[in-house]
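Reading the structure
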Amino acid sequence: VGRMTCGWVCPFGFIQDLIHKIPTRKFSLWKPLRWVKYAVLGLMVVIMPVVFVDASGLGHPWFCKLVCPAGTLEGAIPLLFLKPTLWQTVGLFFWNKLAVLILILVGAILISRFFCRVLCPLGAFYSLFSRISLVQLEFVAGNCVECGACVRYCPTGVVPNQEFDSRECIMCLKCVDVCHFRALDFSMRRPPGKPAKVKRATSPL
Ligand code: SF4
Ligand code: SF4
Ligand code: SF4
């Protein structure tokens, strides 16, 4: 299902959506930063665990150890409050990860889905399968009046009426919901070459 998990299941995605509603000035993401997550996937999830191994020959989950904000927010912090004796074991790693978490949360307040779009290796991995997933967005160009509503509501900065098969699409279907002209829809993936079913546009009023 490609990145549908990111749109509908992942709790950290949901948390980012929630905190992005905090009323502050919002910013757009500089699009080349979207490539960083593929570097994180390659470096911290694939290369570093293979290269840096311990005495027993095992690699460490470096991303989880050094960065993963979901692990800190949803695992470490609740555990410390449930078992206060664990505070004695807290060291530099924890404080570093707390600082990373705070930076990422501030990023997500200012930029929609900041962590998903820039840093998450899991999102990067899912995105490799976006274009062969069982489901897809359909775009019917003849119905589009270029009102821009889909672009304004897309949480990952996709321009749905231009890049509707984007790897950044998390299949949240917000664009489908806000398009009153039936130019966007959700369907099972069509075989290559099979045209989309043309739907009649309806009046938004
Ligand atoms: S990109 Fe990562 S953090 Fe964001 S929703 Fe997907 S799995 Fe969760
Ligand atoms: S909301 Fe629909 S009609 Fe408006 S730009 Fe997007 S696809 Fe086109
Ligand atoms: S293109 Fe549509 S379905 Fe995909 S992330 Fe943006 S709003 Fe959600």
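In this convention, every chain numbers its residues from 1, walking through the sequence in written order. Lettering of chains starts at A and numbering of ligands starts at 1, both following the order in which they are written. Local features in a predicted model are, by the rule used here, given only for residues with pLDDT of at least 70; side-chain atom pairs are given and counted only at 80 or more, and totals for whole chains, interfaces and linings are based on all residues. Note that water and hydrogens are dropped before the side-chain values are worked out from all heavy atoms of the structure.

Attention now goes to the packing of aromatic side chains. To pair, rings of Phe, Tyr and Trp, with the six-membered ring standing in for Trp, must have centres within 6.5 Å; the planes then decide the type, stacked if under 30 degrees apart, edge-to-face if over 60, and tilted in the middle. Taken as a whole and judged by the stated rule, the model has nine aromatic pairs. Here F12 and F115 contribute two aromatic rings whose centre-to-centre distance is 5.4 Å and whose plane-to-plane angle is 90°, an arrangement assigned as edge-to-face. Taken together, the residues span a long stretch of sequence, with F12 in helix α2 (residues 11-19) and F115 in helix α7 (residues 114-118) at a distance of 103 residues. Assigned by exposure class, F12 and F115 land together as buried. Seen from their ring centres, F81 and W87 are 6.2 Å apart, and the 85° between their planes marks the pair as edge-to-face. Partly exposed describes any residue whose relative accessible area lies between the buried limit of under 20% and the exposed limit of over 50%, with all areas from a 1.4 Å probe on protein chains only and scaled to the type maximum. On the basis of relative accessibility, which here comes to 60%, the residue F81 falls in the exposed class. With relative accessibility at 36%, the residue W87 sits in the partly exposed group. A network of ring pairs unites the aromatic residues F81, W87, F94 and W95 as a single cluster. Seen from the ring of W62, K65 lies directly overhead, with NZ or CZ sitting 5.2 Å from the centre. Here a helix means four or more residues in a row that DSSP labels H or I, a strand means two or more in a row labelled E, and each is numbered from the N terminus. Throughout this description, the term charge over a ring refers to an Arg CZ or Lys NZ atom that lies within 6 Å of the ring centre and within 35 degrees of the ring normal.

Moving on: the site of ligand 2. Any residue with a heavy atom lying within 4 Å of a molecule or strand is counted as near it. The local shell around ligand 2 consists of C144, V145, E146, C147, G148, A149, C150, N161, C179, F181, A183 and L184. Residues of the shell around ligand 2, tallied by class, amount to nine nonpolar, two polar and one charged. Each residue gets one label: Ala, Val, Leu, Ile, Met, Phe, Trp, Tyr, Cys and Pro are nonpolar, Asp, Glu, Lys and Arg are charged, and the others, such as Gly, are polar.

The next point concerns α2. The α-helix winds at 3.6 residues per turn, so residues separated by three or four positions along the chain end up facing the same way. Regarding α2, the residues found buried are F12, G13, Q16, D17 and I19. Contacts are assigned to residue pairs that have any heavy atoms within 4.5 Å of one another. For α2, the secondary structure elements touched by its buried residues are α5 (69-82), α6 (92-110), α7 and α10 (174-178).

Let's shift gears to the site of ligand 3. Neighbouring ligand 3 are L137, C154, P155, T156, V158, P160, C169, I170, M171, C172, L173 and C175. When grouped by side-chain class, the residues that make up the shell around ligand 3 number 11 nonpolar, one polar and no charged.

With that out of the way, let us pick up the domain arrangement of the protein chain. Segmentation into domains, and thus their bounds, comes from an automatic or database assignment. For the protein chain, the assigned domains are domain 1 (4-127) and domain 2 (135-187). Between the C-alpha centres of domain 1 and domain 2 the distance comes to 27 Å. Across the contact, 13 residues belong to domain 1 and 14 residues belong to domain 2. Just to be clear on terms, a salt bridge is a Lys or Arg side-chain nitrogen sitting within 4 Å of an Asp or Glu carboxyl oxygen. Put simply, domain 1 and domain 2 have two salt bridges between them. Residue K31 is joined to E163 by a salt bridge in which the shortest nitrogen-to-oxygen separation is 3.8 Å. In protein, a polar contact requires one atom able to donate a hydrogen and another able to accept it; more generally it is a pair of N or O atoms within 3.5 Å, and residues adjacent in sequence count only if both atoms are side-chain atoms. Where domain 1 meets domain 2, there are six residue pairs in polar contact (both at pLDDT 80 or more). Breaking the side of domain 1 that touches domain 2 down by element, the ones donating at least two residues are α1 (4-8) and α3 (36-51). If you tally residues by element for the side of domain 1 that touches domain 2, the top one is α1, at four residues.

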